[in-house]
Amino acid sequence: MLGADLTCYPTQVGTVPGFDTEDFSRWEYKEFVDSLRALFAASVNPLQVARDAAREHGAEFHIMIRPGAWQGTAALEEVFNSRFFQKHPEWRCVDRDGTPTFYMSYAVPEVQQQVLDILREALTVEPDGVGFMFHRGLPLMLWEDAFSEQFQQEYGENAQAVAEDDPRIYALRAKIMTGFLRQVRNLLDEVQQGLGREKPLTISVATFSKQSDNRKYGIAIEQWIDEQLVNDIAVAWFAHHTSFSEPGSSRPDMTYYRRITAGKDVGLYPFVICWKPGHRRACVKRSPAITIKVPQELRSGIPWLRRDCQIPPRGPTVSRRASSKPSDCWGTKTMSVGGRRKASPNRSWFPSPAMAIITTAAGSPTPAFERAGPCSAAAQTVSVPLIVAPKI
């Protein structure tokens, strides 16, 4: 998934990014959209392809969304632009001074329902679970009428008249998000029963490195653990919305996380993003890959396959490696293509129609997936680089 209701599959509920766009700010986004068009025309669902590839290699497949990603920032807003967001400006987050934002408020029941409907639709591919990357898109609510009215009912006061860090502001955010996760849990249980599936569908969340940041944004992780609303927690060391931004500047408070998960049936993992791991070359060099076979007849109609090796993957994108050298896999100024050096933009990356992440238990060997290496124009496979995160 690309956002809260921005999808990489044919949707009847959300929005496929870029399908209403004529003038693209970057060529990568046009090729991404053209690729999706070609896949859909060939009756290919990228989510289904990714799920099948994961299953073939013995990996679980989870559908992850960024619950706060409804609209792109300037220069990207014409591509990554939810129709639901555009249709309902009255449900957007509003700052204390009355400034509207490009986020939707989870204090609005209709916003929660839109995400639930998207999850129900995506669950038709029968994944192993769903997840929310909370650190990639905040806030989830501010001082809009929907939140302020609930605050008034709960505490008998005007939310805009109390301090911004009033504990009651944080408590109400937590209450609202807990109610949302309960609905997600009920949805998964309903889908599991309908599928006749024995193993429960799981919920994973990416959270912040510190308790204070979780509390501020309504991420009531302790309560979610106690209510068994989450099965796995991935601790992110960075988020653009909080006080930490570089490795080591604010290390994750693992004492806090070990304390709240001790004796609980919940997995605890580091959250690693391939383009921001702190040790990029080691990440690329050591990451295994799942290989997805692509029929030859599809390759000519899909731009991100036609381009062959000219796009250096920057993160876990469905693409083909231009070189086995880590320095050439990170969008450096030049890269090796067929033994020749070609110029390449330093930030040459684009969203992938499918991606995969797996985890291994602490001390377990890296899964024996095929390693990504130099590619050729005649290749009929696409390597999906993976991050293998050990369980803490």
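The rules behind each value
Residues numbered from 1 in each chain as written. Predicted model: local features only at pLDDT ≥ 70, side-chain atom pairs only at ≥ 80, totals over all residues. Heavy atoms only, no water. pLDDT = per-residue confidence, 0-100. Contact = heavy atoms within 4.5 Å. Pairing = 2+ DSSP bridges. Helix = DSSP H or I, 4+ residues; strand = E, 2+ residues; numbered from the N terminus. Axes fitted to C-alpha atoms, helices over the stretch in contact; angles between N-to-C directions. Core = buried A, V, L, I, M, F, W, Y, C linked by side-chain atoms within 4.5 Å. Buried < 20%, exposed > 50% of the residue type's maximum accessible area, 1.4 Å probe, protein only. Phe/Tyr/Trp six-rings, centres within 6.5 Å; stacked < 30°, edge-to-face > 60°. Lys NZ or Arg CZ within 6 Å of the ring centre and 35° of its normal. Arc of directions from axis to C-beta. Polar contact = N/O pair within 3.5 Å; in protein donor to acceptor, adjacent residues only side chain to side chain. Expected span 1.5 Å × (residues − 1).

Draft legend 1. Quick peek at the confidence of the model for the protein chain. Averaged over all residues, the pLDDT of the protein chain is 75; the fraction at 70 or higher stands at 66%. Segment residues 279–291 is flagged for pLDDT under 50; beyond a separation of four residues in sequence, or across chains, it makes 47 contacts in the model. In the predicted structure, residues 306–389 sits below a pLDDT of 50 and forms 219 contacts with residues beyond four places in sequence or in another chain.

Draft legend 2. Highlighting the sheet that holds strand 7 (residues 267–271). Spatial strand order, 1-4-5-6-7: five strands in an open sheet with parallel pairing. Looking at the sheet topology across the chains shown, the edges are occupied by strand 1 (62–65) and strand 7. In this sheet, adjacent strand axes meet at a mean angle of 20° when their direction is disregarded. Direction of pairing for strand 5 (residues 202–207) relative to strand 6 (residues 232–236): parallel, over a ladder of four bridges. When the bridges of strand 6 are listed, Thr207 appears paired with Val235.

Draft legend 3. Quick peek at the nonpolar core. One finds Phe132, Val184, Trp224, Val230 and Ile233 to be the most contacted residues of the largest nonpolar core, which totals 86 residues. Ranked by the residues each element gives to this core, the list is headed by helix 6 (residues 167–195), at twelve residues. Counting five residues, the second largest nonpolar core, distinct from the first, contains Met133, Ala206, Ala236 and Phe271.

Draft legend 4. Local environment of the packing of aromatic side chains. For the structure shown, the criterion picks out 13 aromatic pairs. Relative to Phe80, the ring of Tyr29 has its centre 5.3 Å away and its plane inclined at 90°; by these criteria the two rings are edge-to-face. Taken together, the residues span a long stretch of sequence, with Tyr29 in helix 1 (residues 27–41) and Phe80 in the loop between strand 1 and helix 3 (83–87) at a distance of 51 residues. Overall, the relative accessible area of 5% leaves Tyr29 in the buried class. Summarising the aromatic geometry, the rings of Phe134 and Trp224 are spaced 5.8 Å apart at their centres and angled 40° between planes, so their arrangement reads as tilted. Separated by 90 residues along the polypeptide, Phe134 in the loop between strand 4 (129–133) and helix 5 (145–155) and Trp224 in helix 8 (residues 221–226) bring together distant segments of the chain. Comparing Phe134 with Trp224 shows no difference in burial state: the two are buried. Among the aromatic residues, ring-to-ring pairing joins Tyr106, Phe132, Phe134, Phe180 and Trp224 into one connected group. Above the face of the Phe85 ring, Arg92 is positioned so that its terminal group lies 3.8 Å from the ring centre.

Draft legend 5. Just helix 2 (residues 46–56), in detail. Looking only at helix 2, the buried set comprises Pro46, Leu47, Ala50, Arg51, Ala53 and Ala54. Buried residues of helix 2, seen end-on, are gathered within an arc of 165° and therefore sit on one face of the element. Backbone nitrogen of Leu47 and a side-chain oxygen of the N-cap are separated by 2.9 Å at the start of helix 2; the cap is Asn45. Downstream of helix 2 by a residue or two, Gly58 has a phi angle that is positive, lying close to 75°.

Draft legend 6. Representation of helix 1 in the model. With 15 residues, helix 1 extends 21 Å from end C-alpha to end C-alpha; this agrees with the ideal 21 Å at 1.5 Å per step. Regarding helix 1, the residues found buried are Glu28, Tyr29, Glu31, Phe32, Val33, Ser35, Leu36, Ala38, Leu39 and Phe40. Where helix 1 ends, the next residue or the one after it, Ser43, has phi of about 60°, a positive value.

Draft legend 7. Local environment of the environment of Asp97. Inspection of the secondary structure assignment puts Asp97 in the loop between strand 2 (92–94) and strand 3 (100–104). Exposure remark for Asp97: the relative accessible area of 61% places this residue in the exposed category. Through-space distance from the C-alpha of Asp97 to that of Trp143 is 8.8 Å; in sequence the pair is 46 residues apart. A distance of 2.8 Å separates a polar atom in the side chain of Asp97 from a polar atom in the side chain of Thr99.

Draft legend 8. Structural context of the environment of Thr99. Residue position: Thr99 is located in the loop between strand 2 and strand 3. With a relative accessible area of 39%, Thr99 lands in the partly exposed category. The spacing of Thr99 and Glu144 is 45 residues in sequence and 9.5 Å in space, taken between C-alpha atoms. With residues near it in sequence (within four places) discarded, Thr99 still touches Cys93 and Val94.

Draft legend 9. Unusual backbone geometry, seen in detail. At Ser43, a position not held by glycine, the phi torsion is positive, near 60°. Tracing the sequence through the fold places Ser43 in the loop between helix 1 and helix 2. Since its relative accessible area comes to 70%, Ser43 is described here as exposed. Even without being a glycine, Gln228 presents a positive backbone phi close to 55°. Within the secondary structure, Gln228 is located in the loop between helix 8 and strand 6.

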